Amino acid sequence: MRNAAWGITGDFNTYLYEYEKLGGNGHNWNSMREFRDCLDECSLSDIGNQGPIFTWQRRNLQERLDRVCANDNWNLVFPNRVAFNLPFFGSDHRPVLLWEGQPAIYLRADGPFRFLASWLTESTFHEVVNGCWSNNVNWMHAMETFRINASEWHRNVYRIALKRKNDLMQGLEVLIDVLVISTVIALRCCKRIYGGNWTRFIFKRKLLGFNNIRN
């Protein structure tokens, strides 16, 4: 299990550090130490979070009890992972949304050369092709030069540009998912608070905001 890529998420009913608790009595040092020892024994670490730090609250007491922990192998497979602490809804715990991102892809450096049709969509690739032919070299020499230069261009230019594009698209997808979930939670809260008149309440708030802008 130690060599596998794995992680765990949920309510651990304790926190790791002093700043992860606000209000209430003093800290439970024994519980914090046992939690850290348990994570160390399992070779796990907290991957961090986006959003409010406290995931549980009761009256004036707030703590970070919910988190995502993973080992180093899992973090290598999912280097772009992000955990989002979402708004409270129907519970005194925040939902935690884990976005794993695009898995890292490791290609063999000594693998066979393969031409990718998607290279033709990149303007810089045409420069690579043009630079491999001249009047002073034969066809076989030009092909070998193209294989070397295209492979180097793929590693140093194309893969980096493709990764940035994929990261941007996946980041936008995550942002949309978070906005949709937050909107659904907000609408359900309005419906629960205002009952059957919740749509009329929202319309009045929008109308009031529009009149303020006009004034």
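As shown above, the structure is provided for reference.
Scoring rules and cut-offs
Residues numbered from 1 in each chain as written. Predicted model: local features only at pLDDT ≥ 70, side-chain atom pairs only at ≥ 80, totals over all residues. Heavy atoms only, no water. Salt bridge = Lys/Arg side-chain N within 4 Å of Asp/Glu carboxyl O. Helix = DSSP H or I, 4+ residues; strand = E, 2+ residues; numbered from the N terminus. Buried < 20%, exposed > 50% of the residue type's maximum accessible area, 1.4 Å probe, protein only. Expected span 1.5 Å × (residues − 1). Arc of directions from axis to C-beta.

Caption draft 1: Focus on the pattern of salt bridges. Evaluation of the coordinates by the stated rule reveals 5 salt bridges. With a closest N to O distance of 3.3 Å, aspartate 46 and arginine 67 form a salt bridge. Residue aspartate 46 is found in strand β3 (residues 45-46), and its partner arginine 67 is found in strand β6 (residues 66-70); the two are separated by 21 residues along the sequence. Aspartate 92 serves as the salt-bridge partner of arginine 58, at 3.0 Å between the closest nitrogen and oxygen. Here arginine 58, found in strand β4 (residues 56-58), pairs with aspartate 92, found in the loop between β7 (82-85) and β8 (96-99); they are 34 residues apart in sequence, far enough to count as distant. Its relative accessible area of 46% is what places arginine 58 among the partly exposed residues. One network of salt bridges, in which partners are shared, links Glu20, Asp46, Arg64 and Arg67.

Caption draft 2: Summary view of helix α1 (residues 29-41). Spanning 13 residues, α1 covers 18 Å between terminal C-alpha atoms, matching the ideal 18 Å at 1.5 Å per step. Buried within α1 we find Ser31, Met32, Phe35 and Leu39. Projected onto a plane normal to the axis of α1, the buried residues spread over an arc of 100° and lie on a single side. Those residues of α1 that are exposed and angled more than 90 degrees off the buried face are Glu34, Asp40 and Glu41. Where α1 ends, the next residue or the one after it, serine 43, has phi of about 60°, a positive value.

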